[in-house]
Amino acid sequence: MYNFDVEMPTSIADAVKALGREEAQPMSGGQTLIPTLKARLAAPSVLVSLHSIPEMKGVCKNDAGDICIGGATTHATVAAEAVDYPALASLAARIGDPAVRNRGTIGGSVANNDPSACYPAGVLGSGATIVTNNREIAADDYFLGMFETALEEGEIVTEVKFPIPEVAHYEKHLQPASRFPLVAVFVAKFADGVRVAITGASENGVFRWTEAENALSGNFSASALDGLSLSGDKMISDLHGSGKYRAHLCGVMAKRAVAAAS
Amino acid sequence: MTQLKMTVNGKAASGEVEGRTLLVQFLRENLGMTGTHVGCDTSQCGACVVHVNGEAVKSCTMLAVEANGAEVATIEGQAAPDGTLNTIQQAFQDHHGLQCGFCTPGMVMSAAALLKDNPKPTVDDVRHYLDGNICRCTGYHNIVKAIMAASGQDVSAIAAE
Ligand SMILES: Cc1cc2nc3c(=O)[nH]c(=O)nc-3n(C[C@H](O)[C@H](O)[C@H](O)COP(=O)(O)OP(=O)(O)OC[C@H]3O[C@@H](n4cnc5c(N)ncnc54)[C@H](O)[C@@H]3O)c2cc1C
Ligand code: FES
Ligand code: FES
């Protein structure tokens with residue numbers, strides 16, 4: 001790991017200012033970034049820790065009834081405190097292992113947009129809103145591809161706002177060595193329709209399976225997905241599973257998610 | 001260089017570190033406390049688990065400066081000052097919960113964190129909680145048994161396999 005300065009601002013305004021320094025990079029839990037730095041895949045000269053910013057931590061409800069989670073809130077806190085959105089709390093409770101959940105944050109996870117990460121599925125599947133230091137971005141406009149998001153240089157995720165669905169479920173097929181999903185599906189049923197988001201499968205990162213959404217919006221049962229399938233062509237293929245296998249898993253996990261939610 | 005101050009196992013500790021210094025390096029190299037092990041250095045194995053402000057963390061995946069001012073607990077603080085093992089350590093010894101012992105500091109610190117939140121876990125609870133602790137000697141069965149025994153539960157029905 002190359003050396004760097006560390007700044008520990010205590011407000012969003014100070015963090016944004018610190019990120020104005022040359023080659024500065026934010027760090028929340030460091031559970032992805034520290035291994036990346038060790039591998040010398042990133043070499044910032046300044047690391048701006050977001051861990052000491054009280055206004056970026058915690059779970060609360062706003063007037064619209066949305067659950068609002070501060071960008072620097074750990075997975076462990078979401079698991080314990082997002083009681084009004086059990087499917088989301090359960091997603092957070094299954095990320096990695098206890099020590100990872102005590103450090104890793106929702107802001108770091110959605111900023112990183114790993115193609116196999118859990119939160120992107122929960123955020124896109126809920127139609128959540130990503131709040132940054134200068135704007136609000138709908139989930140549909142935020143995830144742009146593998147490790148790519150709509151965030152600009154120096155922009156930080158300060159909060160994520162989730163509307164609460166009638167029912168929802170996150171079905172994760174574990175890749176036991178990494179503890180990330182091999183494929184996972186988040187299904188959420190709202191009064192005006194169903195959203196289905198899939199992680200771990202596509203070479204373009206998290207995506208919505210609109211065909212399944214349409215079928216489920218008319219008939220919210222696992223059998224509504226009979227006969228639907230995804231192509232393995234643009235799916236991740238690696239030693240853990242071929243694209244075709246992942247495409248098949250998408251259908252199986254989606255059915256299980258619907259069965260568990262309904 | 002940054003001057004750090006923290007409490008380690010109830011005692012004041014301080015030292016100078018670089019930005020990139022990991023908490024585990026600070027413990028092992030600055031303080032000479034080599035009980036906390038580095039198995040993988042890639043956040044996978046849990047040999048480096050310590051408690052920071054009461055929470056289990058992988059000390060190979062946290063910067064030392066982030067622990068400035070914190071209360072840190074390591075394996076060295078688990079036994080009594082006269083060397084008497086604590087309940088978890090004694091249970092590991094009684095139930096053969098260690099072979100080479102490399103993973104043991106992390107196992108004991110993870111077990112302590114589990115039993116603090118969940119004093120009477122089930123076998124499944126223990127296995128799930130240890131998701132991030134890898135034993136290369138693969139002695140999981142007796143590790144789980146030791147933790148069940150440390151929680152005061154009857155382990156006579158848990159056979160050693
Ligand atoms: C053993 C292990 C198992 C894991 N298992 C899973 C799993 O099952 N599912 C899963 O989803 N993840 C898993 N993870 C990843 C973990 O959830 C990470 O914590 C998470 O992906 C990144 O969050 P972080 O807060 O640690 O981010 P960091 O590592 O601090 O940062 C990640 C990236 O995001 C940027 N960043 C951080 N915070 C912000 C912010 N607020 N605004 C803008 N940019 C920001 C950083 O600059 C960096 O590029 C695992 C990690 C480990 C080590
Ligand atoms: S040394 Fe920290 S997790 Fe392996
Ligand atoms: S006892 Fe040898 S690694 Fe666990």
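For the structure itself, look to the data block above.
Conventions we followed
Residues numbered from 1 in each chain as written. Chains lettered and ligands numbered in written order. Predicted model: local features only at pLDDT ≥ 70, side-chain atom pairs only at ≥ 80, totals over all residues. Heavy atoms only, no water. Helix = DSSP H or I, 4+ residues; strand = E, 2+ residues; numbered from the N terminus. Rg over C-alpha atoms; globule rule 2.2 N^0.38 Å. Buried < 20%, exposed > 50% of the residue type's maximum accessible area, 1.4 Å probe, protein only. Contact = heavy atoms within 4.5 Å. Areas by Shrake-Rupley, 256 points an atom, 1.4 Å probe, with all protein chains shown as cover. Lys, Arg positive; Asp, Glu negative; His and termini not counted. Charge placed at Lys NZ, Arg CZ, Asp CG, Glu CD. Near = heavy atom within 4 Å. Polar contact = N/O pair within 3.5 Å; in protein donor to acceptor, adjacent residues only side chain to side chain. Arc of directions from axis to C-beta. Pairing = 2+ DSSP bridges. Axes fitted to C-alpha atoms, helices over the stretch in contact; angles between N-to-C directions.

Chemist: Help me understand the overall build of chain B, please; the structure alone is not making it clear to me.
Modeler: Across its full length, chain B carries five helices and five strands. For chain B, the α and β elements follow one another from N to C terminus as β-β-α-β-β-β-α-α-α-α. Relative to the compact-globule value of 15 Å for 161 residues, chain B shows a C-alpha radius of gyration of 16 Å, a close match. Here chain B holds 161 residues, and the buried ones make up 51% of them. The contacts of chain B with a sequence gap of at least 6 include a subset with a gap of at least 24, amounting to 54%. Total accessible area on chain B stands at roughly 7,400 Å², and carbon and sulfur atoms take up 49% of it. With 10 positive and 16 negative side-chain charges, chain B shows a separation of 2 Å between the mean positions of the two kinds.

Chemist: Mind showing me how you'd approach the site of ligand 1 here?
Modeler: Close contacts around ligand 1 come from 35 residues, with A:Pro26, A:Ser28, A:Leu33, A:Thr105 and A:Arg179 the closest. Mapping the residues near ligand 1 onto chains gives chains A and B. One of the side-chain N or O atoms of A:Ser28 is found 2.5 Å from a nitrogen atom in ligand 1. In the model, an oxygen atom of ligand 1 is placed 3.0 Å from a nitrogen or oxygen of the A:Thr32 main chain.

Chemist: How do you make sense of helix H1 (residues 23-30) of chain B when you look at a structure like this?
Modeler: Because an α-helix packs 3.6 residues into every turn, residues spaced three or four apart end up facing the same way. All names here are of chain B. Where H1 is concerned, the buried positions are Leu23, Val24, Phe26 and Leu27. Considered in projection along H1, the buried side chains sweep an arc of 165° and stay on one side of the axis. Where H1 is buried, its residues touch strand E1 (2-8), strand E2 (11-17), strand E3 (49-52) and strand E5 (71-73). Downstream of H1 by one or two residues, Gly32 has phi in the positive range, about 70°.

Chemist: Would you mind showing me how to read the sheet that holds E5(B) here?
Modeler: For sheets, the rule is that strands pair by backbone hydrogen bonds, running either parallel or antiparallel. Residue and element names in this part refer to chain B. The five strands lie next to each other as E2-E1-E5-E3-E4, forming an open sheet whose pairing is mixed. A strand with exactly one partner marks an edge of an open sheet, and here the two such strands are E2 and strand E4 (55-58). Taken over all neighbouring pairs, the strand axes of this sheet differ in orientation by 40° on average, direction set aside. The pairing of E3 with E4 spans four bridges and is antiparallel. Among the inter-strand pairings, Val50 is bridged to a residue of E4, identified as Val57. In this fold H1 packs onto E1, E2, E3 and E5, with an angle of close to 105° to the strand it touches most, E2. Contacts from helix H3 (residues 104-117) reach E3, E4 and E5 within the one sheet, and its direction differs from that of E3 by about 40°.

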